[in-house]
Amino acid sequence: LAKHPEIKALMKPDYNLIWVVVLMVLAQLTAFYLVKDLDWKWVVFWAYAFGSCISHSMTLAIHEISHNSAFGNSKAMWNRWFGIFANLPLGLPYSISFKRYHMDHHRYLGGDGIDVDIPTNFEGWFFCTRFRKFIWIVLQPFFYAIRPLCINPKPITRLEIINLLAQLIFDVVIYYLWGVKSIFYMLAGSVLGLGLHPISGHFIAEHYMFLKGHETYSYYGPLNLLTFNVGYHNEHHDFPNIPGKSLPLVKKIAAEYYDNLPQYNSWIKVLYDFVMDDTISPYSRMKRQLKGEVKQD
C-alpha cells in the first residue's frame, strides 16, 4: 500500500455480485423444475454436468459475501441475510457457519486448533496412498463439514439457527412442489461439485505446500470466471476486503510482488499431482502454534 496507494480505491463493495447471485439462484430453481420428470440417469448427469458447477460457484459467492463484498462492511447484516439467501439452492445450511470459521482462517492462517482448513491428524495419517488420497478428494465436502466439530467446535448462534430453519423450509417446499428428483439433483450437485470436480482443485491449490517454503499459491486459469477469482489467492489473503472482481487489478498494479511467485494454471493438474506425488498428502500444510490472545469470530 505504501508503494501502490491506488489499491485502496479497490476496497469497496461489488454490487454486481448481488445480481449474479440472484441469477444463479433463479438458474437452479429452473433446473429443479426441469429435472423433476427426467429419468434418473439424466438427473445424475445434469447434477454433475451443470448443478455441481453452479453449486460450487455459489459456495464461492458465499465466500465473497462472508467478506461483506455484496453490501459493504457498513451493512454487515445485509450480507449475512443475503448469504442465507444464496445458500438456499445448495440444500444444506452453510453460509453463517462458514463466515465464522473463515474469518479465523484469515486471522490465524494455519493456526493449530483454530484454522479448520487444516486437515486433522487422522486425515494426514490415513489418506497417505494414491488410492486413499483419491478417496479423500471425493469425500472433501464431508471432511469440511465434520472437521470444525473435531478441531474447533463453537456454540451455535441465532443466525445459524435461522440459516438452518430457512434451509429446511426451502427444501420442504422444493420437495412438495417438484418431488424427490429435484431434491436429489440439489444435494447431489452440492456434494459432487465440492468433491471430485475440476473446480475443487482450488481447495488443494490454495495452501498445500507443493514447494517447500511457499504456503499460499495463486491460480490464473480460466476457471476463475466461475469462481469469483478465488484463484487469485495470494492477492486475496493480502487484501481480503477487496472483492474477487478486482483482484486481477491488484495483481496488475503490484505485479512486482506477484509475478515471480509460484503459481498454477490448471486445477485439474493440481488434483492429479496431489494424488500421484507420493511426497504430498493432507499433511502438506503449514501448521502454527499460536501465541498470545486469540479472538475468534
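Residues numbered from 1 in each chain as written. Predicted model: local features only at pLDDT ≥ 70, side-chain atom pairs only at ≥ 80, totals over all residues. Heavy atoms only, no water.

Visitor: Explain helix α8 (residues 158–178) here, please?
Guide: Because each turn of an α-helix spans 3.6 residues, side chains separated by three or four positions in sequence point in the same direction. The terminal C-alpha atoms of α8 lie 30 Å apart, and with 21 residues this matches the ideal 30 Å at 1.5 Å per residue to within 8%. L159, E160, N163, Q167, F170, D171 and I174 are the residues of α8 that are buried. Down the axis of α8, the smallest arc covering the buried residues is 105°, so these residues share one side. Opposite the buried face of α8, at more than 90 degrees from it, the exposed residues are R158, I169, V172 and Y176. (Helix = DSSP H or I, 4+ residues; strand = E, 2+ residues; numbered from the N terminus. Expected span 1.5 Å × (residues − 1). Buried < 20%, exposed > 50% of the residue type's maximum accessible area, 1.4 Å probe, protein only. Arc of directions from axis to C-beta.)

Visitor: I tried to follow the packing of α8 against helix α9 (residues 180–193) on my own but got confused; where do I start?
Guide: A pair of packed helices is captured by two measures, namely the crossing angle of their axes and the spacing between those axes. Running from N to C, α8 and α9 point in directions that differ by 135°, and their axes come no closer than 7 Å. With respect to each other, α8 and α9 are oriented oblique. The residues of α9 that touch α8, namely those facing F170, D171, I174, Y175 and W178, are V180, S182, I183 and M186. Among the residues forming the contact of α8 with α9, the class breakdown is seven nonpolar, one polar and one charged. (Axes fitted to C-alpha atoms, helices over the stretch in contact; angles between N-to-C directions. Parallel < 35°, antiparallel > 145°, perpendicular 65-115°, else oblique. Contact = heavy atoms within 4.5 Å. Nonpolar A, V, L, I, M, F, W, Y, C, P; charged D, E, K, R; others polar.)

Visitor: Would you mind going over the UniProt feature "transmembrane region" (unreviewed entry) in the protein chain with me for this structure?
Guide: As recorded in UniProt, the sites labelled "transmembrane region" (unreviewed entry) are residues 17–35, 42–61, 81–98, 161–178 and 184–205. Helix makes up 100% of residues 42–61 and strand 0%, with an end-to-end C-alpha separation of 27 Å. For the annotated span residues 161–178, helix accounts for 100% and strand for 0% of the residues, and the straight-line distance between the end C-alpha atoms is 26 Å. (UniProt positions renumbered as here; feature names shortened; annotations may be inferred.)

Visitor: What is the right way to look at the nonpolar core in this model?
Guide: Considering soluble globular proteins, one finds that nonpolar side chains tend to be buried as a cluster. Counting residues in hydrophobic clusters, the biggest one holds 35 residues, and the most contacted among them are V21, M58, W136, I204 and F274. Contributing elements (two or more residues each) for this core: α1 (16–35), α2 (40–66), α3 (76–87), α6 (130–138), α10 (201–207) and α14 (267–276). In contact with W136, not counting residues within four places along its chain, are P119, E123, F127, F143, R147, I204, Y208, F274 and P282. Core analysis: the second largest hydrophobic core is formed by twelve residues, A31, I174, I183 and M186 among them. (Core = buried A, V, L, I, M, F, W, Y, C linked by side-chain atoms within 4.5 Å.)

Visitor: Would you explain the packing of aromatic side chains in this entry?
Guide: Where two aromatic rings form a pair, the distance of their centres and the angle of their planes describe that pair. Taken as a whole and judged by the stated rule, the model has 24 aromatic pairs. Aromatic side chains F122 and F126 sit 5.5 Å apart centroid to centroid with 10° between the ring planes, which places their arrangement in the stacked category. Of the two residues, F122 and F126 are both situated in helix α5 (residues 121–126); the distance of four residues between them amounts to about one turn of the helix. Here F126 falls in the partly exposed class, since its relative accessible area comes to 27%. Their ring planes at 80° and their centres at 5.3 Å tell us that F127 and F143 sit as a pair that is edge-to-face. In this pair, F127 sits in the loop between α5 and α6 while F143 sits in helix α7 (residues 140–151), placing the two residues 16 residues apart along the sequence. We classify F127 as buried; its relative accessible area is 5%. A residue is classified by how much of its surface remains accessible, and F143, at 16% relative accessible area, is buried. Aromatic rings pair up to connect F122, W125, F126, F127 and F143 into one cluster. Directly above the ring of W78 sits K75, whose terminal nitrogen or CZ lies 4.3 Å from the centroid. A cation over an aromatic ring shows up here: R147 above the ring of Y144, its NZ or CZ 4.8 Å from the ring centre. (Phe/Tyr/Trp six-rings, centres within 6.5 Å; stacked < 30°, edge-to-face > 60°. Lys NZ or Arg CZ within 6 Å of the ring centre and 35° of its normal.)

Visitor: Mind showing me how you'd approach the pattern of salt bridges here?
Guide: When charged atoms on two side chains of opposite charge get close, those side chains can pair. Counted under the stated rule, the structure contains 13 salt bridges. Its salt-bridge partner being K287, residue D112 comes within 3.7 Å of it at the nearest N-O pair. With D112 in the loop between α4 (95–107) and α5 and K287 in the segment after α14, this residue pair connects regions lying 175 residues apart in the sequence. A relative accessible area of 35% means that D112 is categorised as partly exposed. (Salt bridge = Lys/Arg side-chain N within 4 Å of Asp/Glu carboxyl O.)

Visitor: Just checking my understanding: could you explain the UniProt feature "domain: Fatty acid desaturase" (unreviewed entry) in the protein chain for this structure?
Guide: Mapped onto the present numbering, the UniProt feature "domain: Fatty acid desaturase" (unreviewed entry) falls at residues 41–263. Counted over residues 41–263, helix gives 61% and strand 1%. Its end C-alpha atoms are 38 Å apart.

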